[in-house]
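So the chains spell out like this:
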Amino acid sequence: MPGYSEFYFNVDHGYLEGLVRGFKAGILTSADYINLAQCETLEDLKLHLQTTDYGNFLANETGPLTISTIDDKLKAKLLTEFHYFRNHAFEPLATFLNFITYSYMIDNVILLITGTLHQRPIAELVPKCHPLGSFEQMEAVSIASNPTELFNAILVDTPLAAFFQDCLSENDLDEMNIEIMRNKLYKASSCNITIILGVFQSVSEKESYLEAFYKFCEKQGGTTAEIMRPILEFEADRRAFIITINSFGTELSKDDREKLYPTCGKLHPEGLHLLANADDYEQVKCVADYYAEYKAVFEGVGSGTGEKTLEDAFFEHEVKLNVLAFNNQFHFGVFYAYVKLKEQECRNIVWIAECISQRHRTKINNYIPIF
Amino acid sequence: MGALFRSEEIGLAQLFLHSAAAYSCVSELGERGLLEFRDLNPKVSAFQRRFVGEVRRCEEMEKTFTFLQQELRGAGRVLGPCPESPRAPLAREALRVQEQSEQLAQELREVSHNRASLRGRLRELRQYLHVLREGQRFTSLPAPLGSPPRPRALSEHEPILDPSLHQHLDRKINFVAGVIHPWRVSAFERLLWRACRGYLVASFVEMPEPMEDPATGESITWVIFLISYWGEQIGQKIRKISDCFHCHVYPYPESEASRADTMSGLHSQIQDLSVVLEETEQYLAQVLDKVVLALPTWRVQIQKMKAIYLILNQCSFDVTEKCLIAEVWCPVRDLTQVQDALRQGSYKSGSSVECFVQRIPTSESPPTLIRTNKFTAGFQSIVDAYGVASYQEVNPAPYAIITFPFIFAIMFGDVGHGLLMFLFALWMVLYENSPSLQQASNEVRGTWCGARLGGVGPGLEVWDMAGGMGWAWWRGMGLVVWDGDSMGQGWWCGRGSVWGRGGGVGRGSHVCPHQIWLTFFEGRYLILLMGAFSIYTGFIYNECFSKATVIFPSAWSVATMANHSSWRWDSQPPCDPPRSLPALTPPRSAHSSDYLATHPSLTLDPNVTGVFQGPYPFGIDPIWSLATNHLNFLNSFKMKMSVVLGIVHMGFGVLLGVFNHVHFQQRHRLVLELLPEMVFLLALFGYLVFLIFYKWVKFSAADSLVAPSILIHFIDMFLFTSNAGNLPLYRGQVPVQTVLVALALASVPVLLLGTPLYLCCRRRASRTSRPAPVAAAEQEPLLEGQEAGNSVNATKEDVESGGPSPDAEHSDFAEIFMHQAIHTIEYCLGCVSNTASYLRLWALSLAHAQLSEVLWTMVMRNGFVRLSYAGGVVLVPVFAAFAVLTVAILLVMEGLSAFLHALRLHWVEFQNKFYVGAGYKLCPFAFAPDAWE
């Protein structure tokens with residue numbers, strides 16, 4: 001009965017929806033941020049966070065407070081909440097929540113592969129992974145020496161298998177790309193290329209991931225699809241823009257580039273085609289001009305030091321979309337939006353904390369307020 | 001009781017605390033719990049306040065305490081409660097506490113670290129020992145190092161490989177051995193197989209004894225694995241994989257002999273380590289003993305210290321920076337006590353300058369303080385759950401002490417049920433000081449406190465995951481409306497604050513047995529009275545478990561009637577009995593059986609002399625319980641009783657308004673509001689009460705057939721008509737009624753326009769006489785307002801005149817008029833609907849009586865089937881069922897429902913006649929003992 005999901009939504013998911021809305025009320029407001037930005041030391045920051053919903057999540061920290069502990073604790077709190085959701089979720093919400101974790105898992109895999117290629121010890125890399133995306137076989141990623149082995153030995157058991165399978169078997173070109181890059185890497189060991197490799201891989205995997213997620217949401221129908229559509233479309237388009245901008249000055253051909261674009265966004269198909277032919281930033285901006293919301297995003301970007309970067313502008317737009325999700329009832333979008341907003345909040349707090357600890361006051365207001 | 005009549009006089013005061021003495025002064029005040037401090041720096045954020053350093057130091061100490069407590073819990077020690085209440089520590093003492101606690105924590109940290117590493121070492125040794133022992137089974141086969149994979153591998157590779165190479169390979173079989181967490185075994189095995197393409201043999205076996213998991217501290221059964229493989233490449237891979245899965249890998253000696261050597265070495269090492277570990281444990285226990293001794297006192301002390309600094313953070317400094325100024329709400333009665341506390345505080349700190357308190361005028365409405373004792377607290381909290389009384393308003397609680405149980409009892413009238421309830425409450429009251437009851441209630445109160453601290457203000461929906469959060473959110477969306485008629489929901493929602501005192505509303509919906517128990521315990525005196533009153537009304541209704549009791553002989557004589565009407569042989573035409581005469585089912589007597597067989601129902605006629613010998617001395621005559629028209633009689637009685645009681649109750653509520661108007665110097669409201677309200681109520685509904693009593697007195701059984709109907713008369717009164725079929729009650733009834741209705745109607749415009757017009761006129765007059773309002777002094781910041789002394793009068797006048805400014809006057813008048821219009825409509829409609837609402841007394845008492853009768857006939861009667869020993873055996877389970885159902889349905893369920901309706905009648909019907917309830921409670925700064933749990 002798609003379209004009538006309101007009737008029985010609360011039977012399965014009502015509790016969790018109520019919960020997530022309760023948690024949402026605890027997201028820091030702009031007044032909180034103003035107070036946080038006035039802090040002189042990290043201890044002040046901690047003291048102020050205690051008056052918010054974070055309570056005394058830092059109370060049991062012995063020793064001096066560092067930014068990484070704050071970051072870890074923030075993430076741990078989000079993780080606890082998310083696990084509570086996940087453990088109490090019924091299908092199809094459970095799958096929906098799994099989809100949220102997949103993106104973090106992909107990021108973690110990429111991080112580990114890149115790190116291993118740089119000969120970094122695995123123990124150093126693991127703490128850098130996002131805890132939402134950790135899985136059992138994660139650390140074993142480092143033992144793989146080529147993509148086939150990576151897939152056949154390690155990822156085949158994880159939920160990510162479906163996405164990687166796509167990018168390994170269907171997109172031969174991508175695999176070739178990876179092989180080329182990897183060969184180059186082994187000979188020249190240029191770190192630049194490694195990063196590009198990471199980007200490509202992540203892009204191609206994310207693409208199929210995004211499309212799968214998009215399809216899943218469409219299948220749910222109703223408000224879920226309505227809410228998630230703009231969010232995921234934006235996510236896809238953002239990737240397309242970023243791939244394009246990052247690919248300038250590398251030897252990625254335009255055809256290859258076009259293959260990397262996710263096709264579930266608003267830019268598909270004309271915009272993606274135009275993007276594929278873009279040669280510099282100005283042309284990308286011209287493409288964005290055809291789309292009202294992206295035009296606004298690109299116009300908000302400044303080139304000066306104190307002004308917003310494109311990344312921040314995208315984040316801001318994302319926050320705006322996610323906040324909208326809370327205006328409707330009986331849908332899963334709130335969970336996605338909550339996780340994303342909370343992640344943004346972590347980024348904001350960490351940014352403020354960095355500014356405080358490095359005495360870099362001029363940029364402290366570059367956080368992105370949520371409410 | 002005088003304290004309950006209205007809230008106490010509270011004044012705003014300033015404390016001038018010399019900075020050296022401030023700490024000890026606030027400590028003294030906290031011990032006594034007299035004052036509510038106001039935040040003088042609301043705009044300063046938490047970390048920019050003055051004593052933030054000290055607060056942080058307290059938090060540091062608390063962190064240390066938490067660590068100590070965790071260690072204690074880890075060791076299975078329980079921390080006792082603090083024996084006596086230690087005072088807040090002075091600075092030097094606090095320093096000592098900090099030093100000692102940190103030293104202890106350091107010591108403890110070292111020792112437990114030592115112990116942990118020793119344990120870890122021991123665990124590793126044991127694991128190693130097990131690995132070797134279990135490995136023996138796989139490797140010490142009779143064949144020379146013949147490991148299982150060899151045949152298969154050989155058969156696959158023989159054709160390709162050089163035999164000499166094969167020889168070489170054969171010798172290079174290697175082992176990786178270790179232990180792994182049982183959950184990871186399957187993933188590990190799969191990955192090994194996939195990554196190494198089966199060029200290995202892995203065997204897994206569970207360890208015979210469970211061991212501790214260093215990560216979680218739980219005891220688990222580890223799994224030992226032994227992997228045999230060829231070649232260095234694969235070996236490295238296997239080692240990497242086992243690293244990824246957090247396995248403990250141990251070196252596995254190749255030869256049998258070296259394995260045996262290692263094992264014996266391990267044995268002796270384990271023994272040595274155990275001895276060392278034992279000594280460490282002993283030392284640790286000593287340290288923990290010290291902690292157990294000192295920690296409770298320290299915790300209370302530091303918590304007090306932190307509370308004091310948080311209060312001091314709310315004070316402001318004067319210009320010279322030598323003096324802290326605090327602003328407090330203080331009961332006027334306690335001012336001397338405050339002064340005393342301040343004196344002691346400054347004396348203790350050795351300060352030469354005295355601290356002092358001074359009252360200042362204010363235009364703000366002070367908080368409400370009504371002192372209660374354990375008896376009145378329950379009743380007061382019923383009122384507070386509706387709304388805390390406005391400052392100095394008449395408090396309905398003292399009247400509720402009697403009316404609440406009484407109105408409850410009207411709906412719950414049954415001697416038996418009332419007695420059970422009374423005894424239950426009596427048990428709670430008598431044993432209220434017994435330790436087990438106290439402990440139970442303290443436990444719960446602790447959790448309430450936690451809840452209060454956890455959820456603040458609009459953050460109601462947040463935190464506590466188990467709490468009814470979904471519900472709270474729904475409420476936020478406005479789906480659950482607080483409405484007098486959806487009390488079923490409303491009450492459960494508000495339950496926390498009804499009894500729990502200070503529980504958040506959101507938490508009320510999360511009910512655990514402890515909280516239910518606390519609810520009853522806190523209301524024990526209320527239940528006691530409810531039980532006692534129910535016994536009384538039970539006697540009035542003459543019902544005990546639905547059975548009537550014959551205390552006095554019945555006033556009706558069946559024998560006389562039988563003789564008179566010669567039921568035995570004469571046959572009278574059976575007539576329909578009038579309502580107020582008992583109609584009996586015939587008694588079974590032998591001689592009249594013929595007559596009775598044909599007449600199922602007989603009537604007792606009170607007009608026959610000797611049949612009715614005057615009213616029954618107390619309550620309802622027991623003979624009615626035999627009558628078939630029992631219900632008709634009771635309905636009429638209970639309906640009229642409800643209306644009479646309801647109107648009296650409401651009229652009393654209106655009258656209570658007198659005290660408010662007089663106290664607030666609003667005498668015009670006596671005439672312009674109270675009088676029309678009274679006229680309206682009495683002219684219409686007071687007259688109804690009069691009619692009821694008049695008819696009751698005037699018409700007796702003799703003229704009952706021609707008695708007029710009050711209902712018809714009352715309807716006619718509003719329609720200004722008269723009904724020919726309905727005899728007038730008295731002469732001149734129609735003109736009297738017309739006058740009464742006219743009076744009632746005339747009082748409506750007075751009520752509607754009186755107050756607004758009066759205020760308007762007065763304001764105009766005052767504007768012409770004195771153009772400048774005198775409230776200027778109050779507008780200034782409170783800190784400068786030192787020209788105090790006669791502030792009491794100033795504030796009162798200020799409250800009354802409301803600080804008028806010419807611009808706001810017009811909208812002000814509109815607002816007053818709107819307010820009055822709403823009040824008028826509400827009152828006039830309310831009189832009708834509230835009177836009808838009191839009929840719930842009738843409905844509920846009827847429901848209760850019927851339910852208990854059903855329970856008796858359907859359950860208990862089955863036990864009386866046989867009057868033999870067999871019948872006695874049957875009676876036991878039947879009585880058990882009866883008893884359980886009586887308690888569950890009649891006492892608990894019906895009791896709750898009657899309670900609910902009594903609550904509603906008080907909140908809605910009674911209190912809206914005079915009670916505003918827009919105040920806020922005085923919450924004094926006090927070191928309450930239960931806050932430290």
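Computed from a predicted structure; not experimentally measured.

Moving on: the overall build of chain B. Along the backbone of chain B there are 29 helices and 13 strands. In chain B, which comprises 933 residues, the share counted as buried stands at 46%. Carbon and sulfur atoms make up 62% of the accessible area of chain B, which totals about 47,300 Å².

Turning to the interface of chain A and chain B, a few remarks are in order. Each side of the interface is counted separately: chain A has 41 residues, and chain B has 33 residues. Summed over both partners, the interface of chain A with chain B buries about 3,200 Å², with 61% contributed by carbon and sulfur atoms. Summed over the three residues of chain A that lose the most area to chain B, namely A:Leu47, A:Glu136 and A:Ile143, the buried surface amounts to 19% of that side. Inspection of the chain A/chain B interface yields one salt bridge. The partner of A:Asp44 in a salt bridge is B:Arg56, with the nearest N and O atoms 2.6 Å apart. Across the contact surface, chain A and chain B share one residue pair in polar contact (both at pLDDT 80 or more). Put simply, the parts of the chain that give the side of chain A that touches chain B at least two residues each are α1 (5-24), α3 (42-50), α4 (67-88) and α7 (147-154) of chain A. Tallying contributions element by element places α1(A) first for the side of chain A that touches chain B, with seven residues. Per-class residue counts for the side of chain A that touches chain B are 15 nonpolar, 14 polar and twelve charged.

Let us look at the pattern of salt bridges. Residues and elements named next belong to chain A. Applying the stated rule across the entire model yields 34 salt bridges over all chains. A salt bridge links arginine 238 to glutamate 318; the shortest N-O distance between them is 3.4 Å. Of this pair, arginine 238 sits in helix α11 (residues 222-247) while glutamate 318 sits in helix α16 (residues 310-324), placing them 80 residues apart in sequence. One exposure class covers both arginine 238 and glutamate 318, and it is buried.

Relative to the assigned elements, B:Gln14 resides in strand β1 (residues 10-18). C-alpha of B:Gln14 to C-alpha of B:Trp329: the two residues are 315 residues apart in sequence and 8.8 Å apart in space.

The subject of this paragraph is the nonpolar core. The biggest cluster of nonpolar side chains holds 142 residues, and the ones touching the most others in it are A:Leu45, A:Phe96, A:Phe213 and A:Phe335. Of the residues forming this core, the biggest block, 15 residues, is contributed by helix α5 (residues 93-117) of chain A. A:Phe213 has contacts with A:Phe96, A:Phe99, A:Ile100, A:Met228, A:Leu232 and A:Tyr336, leaving out every residue within four places of it along the chain. Counting residues in hydrophobic clusters, the runner-up holds 77 residues, among them B:Ala397, B:Ile401, B:Met650 and B:Val741.

Residues and elements named next belong to chain A. An ideal rise of 1.5 Å per residue puts 21 Å on 15 residues; α16 measures up with 22 Å between its terminal C-alpha atoms. Residues Leu310, Ala313, Phe314, Phe315, His317, Glu318, Val319, Leu321, Asn322 and Val323 constitute the buried set of α16. For α16, the elements touching its buried residues are α11, α14 (281-289), α15 (292-299) and α17 (333-357).

Before going further, it helps to examine the UniProt feature "transmembrane region" (unreviewed entry) in chain B. All names here are of chain B. What UniProt calls "transmembrane region" (unreviewed entry) maps, in this numbering, to residues 406-430, 643-662, 674-694, 701-720, 740-761 and 867-893. A distance of 23 Å separates the end C-alpha atoms of residues 406-430, which is 88% helix and 0% strand. The distance from the first to the last C-alpha atom of residues 867-893 is 33 Å, and the span holds 93% helix and 0% strand.

With that settled, the discussion passes to the state of the cysteines. Residue and element names in this part refer to chain B. The tally for this structure, following the rule as stated, stands at zero disulfides over all chains. Distance from the sulfur of cysteine 25, which forms no disulfide, to the nearest cysteine sulfur (cysteine 355) is 3.7 Å. By relative accessible area, which is 0% here, cysteine 25 ends up buried.

About the criteria used
Residues numbered from 1 in each chain as written. Chains lettered and ligands numbered in written order. Predicted model: local features only at pLDDT ≥ 70, side-chain atom pairs only at ≥ 80, totals over all residues. Heavy atoms only, no water. Helix = DSSP H or I, 4+ residues; strand = E, 2+ residues; numbered from the N terminus. Buried < 20%, exposed > 50% of the residue type's maximum accessible area, 1.4 Å probe, protein only. Areas by Shrake-Rupley, 256 points an atom, 1.4 Å probe, with all protein chains shown as cover. Contact = heavy atoms within 4.5 Å. Buried area = accessible area lost by both parts, 1.4 Å probe. Salt bridge = Lys/Arg side-chain N within 4 Å of Asp/Glu carboxyl O. Polar contact = N/O pair within 3.5 Å; in protein donor to acceptor, adjacent residues only side chain to side chain. Nonpolar A, V, L, I, M, F, W, Y, C, P; charged D, E, K, R; others polar. Core = buried A, V, L, I, M, F, W, Y, C linked by side-chain atoms within 4.5 Å. Expected span 1.5 Å × (residues − 1). UniProt positions renumbered as here; feature names shortened; annotations may be inferred. Disulfide = S-S within 2.5 Å.

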